[in-house]
Amino acid sequence: MTATREELAAIMAPVKHVLLDFDGPVCSVFAGLPAAEVARRMAEEFTGPEGPPPGHDLTDPFAMLLRIAEERPELVPAADDALARLEIEAVTRASPTAGALQFLEAYAGIGTRVWVVSNNAGSAIEQYVDAHQLRSLVAGCFGRSPGRPESMKPSPELLRAALRAARAEPEEALFIGDAVRDVEAAHAAGMTAVGYANKPGKAKTLAAAGAVAVVSAMAELAGSARQS
Ligand SMILES: [Mg+2]
């Protein structure tokens, strides 16, 4: 299922810009502050006289934000802001993905620019990038647009924003992510996607979604960086 070193090198060779998902390929955002706990705290904060917010029983805070957008759009700016604050707290306890630094260094070394594109809050991503001294290895960060949860993947919006900043055509870029929505967003933006399967079963679903290759370790992708 996973791609060989040579296959990966061939896929990556023409790529001038790598767009990289954050939660998964870079770090495990909710390793120290679990997503379910974030969702619980979000629901608690928005429980008022009218009762709990829409989606209060969900364990995925992003799904809750989308539900709030559907049913109580007036709450979105504050809910998005609350989630961003919790994500900033979460990234202080996030665990770096094995091989992620190696990957970023390898691609910086051959002059390929890497842009982080994520449904996480931009403020949380920036905080992690600074805390882990990755600034020189990352060309830019594109988190969800504040107050606009509809900008999240599978929408191609954030990928297109990164391409604009890179002044790149979709064919010159590639997206690496660990979820089916990442592959879908890449395709919607006219880009190919490589899957990072960090859990059992993901390789199959990412390949079925149309990922051109699937790896099980970021170190494999680091090894695909070749001077052209
Ligand atoms: Mg992810």
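Presented here is a report on the structure given in the accompanying data block. Quantities reported herein were computed from a predicted structural model and do not represent experimental measurements. (Residues numbered from 1 in each chain as written. Predicted model: local features only at pLDDT ≥ 70, side-chain atom pairs only at ≥ 80, totals over all residues. Heavy atoms only, no water.)

Overview of the pairing of strand β4 (residues 113-121)
Look at any regular strand and the pattern is simple: side chains alternate between the two faces of the sheet.
Working step 1: In terms of burial, β4 is largely enclosed, as eight of its nine residues are buried.
Working step 2: Relative to β4, strand β1 (residues 17-20) is paired through four bridges, and the arrangement is parallel. Across the sheet, L20 pairs through a bridge with V116, a residue of β4.
Working step 3: As judged from the four bridges shared by β4 and strand β5 (residues 140-144), these two strands associate in the parallel manner. Along β5, the bridge assignment pairs W115 with G140.
Working step 4: What joins β4 to β5 is helix α6 (residues 122-131), and the crossover it makes is right-handed. (Buried < 20%, exposed > 50% of the residue type's maximum accessible area, 1.4 Å probe, protein only. Helix = DSSP H or I, 4+ residues; strand = E, 2+ residues; numbered from the N terminus. Pairing = 2+ DSSP bridges. Right-handed = clockwise from strand over helix to strand, strands pointing away.)

Some remarks on the nonpolar core
Working step 1: F22, F103, I176 and L221 are the most contacted members of the largest nonpolar core, which has 56 residues in total.
Working step 2: The element best represented in this core is helix α4 (residues 76-91), accounting for eight residues.
Working step 3: Split by domain, the residues of this core number at least three in each of domain 1 (5-28 + 96-222) and domain 2 (35-91).
Working step 4: Those residues within four positions of L221 in sequence are excluded, and the remaining contacts are L8, M12, F103, Y107, I176, V194 and V215.
Working step 5: Counting residues in hydrophobic clusters, the runner-up holds 24 residues, among them F142, L159, L163 and A168. (Core = buried A, V, L, I, M, F, W, Y, C linked by side-chain atoms within 4.5 Å. Domains from an automatic or database assignment. Contact = heavy atoms within 4.5 Å.)

With respect to the coordination of the magnesium ion
Working step 1: The protein atoms that coordinate the magnesium ion are D21 (OD), D23 (O) and D178 (OD), at distances of 2.1 to 2.2 Å.
Working step 2: Read from N- to C-terminus, the donor residues coordinating the magnesium ion fall into the pattern D-x1-D-x154-D.
Working step 3: Relative accessible area serves as the criterion here: at 5%, D21 is assigned to the buried category. (Donors = N, O, S within 2.8 Å, 3.2 Å for Na, K, Ca; no water.)

Notes on the layout of surface pockets
Working step 1: Taken as a whole, the largest pocket holds about 500 Å³ of empty space.
Working step 2: Along its surface, the largest pocket is lined by 27 residues, and D23, F30, F62, D178 and R181 are the ones closest to its centre.
Working step 3: Elements that contribute at least two residues to the lining of the largest pocket include exactly β2 (27-28), α3 (61-71), β4 and α8 (180-188).
Working step 4: With four residues, α3 is the single largest residue contributor to the lining of the largest pocket.
Working step 5: Broken down by class, the residue content of the lining of the largest pocket amounts to 10 nonpolar, eight polar and nine charged.
Working step 6: Residue assignment places the lining of the largest pocket across two domains, with domain 1 (5-28 + 96-222) and domain 2 (35-91) each supplying three or more. (1 Å grid on protein atoms, 1.4 Å probe; cavity = no way out; pocket = protein on both sides within 12 Å on 5 of 7 lines; lining within 4 Å. Points joined across faces, edges and corners; volume = space filled by probe spheres on them. Nonpolar A, V, L, I, M, F, W, Y, C, P; charged D, E, K, R; others polar.)

A closer look at the side chain of D80
Working step 1: Examined against the element boundaries, D80 turns out to sit in helix α4.
Working step 2: A relative accessible area of 4% places D80 in the buried class.
Working step 3: Beyond its immediate stretch of four places on either side in the chain, D80 contacts L65, R144, S145, P146, G147 and R148.

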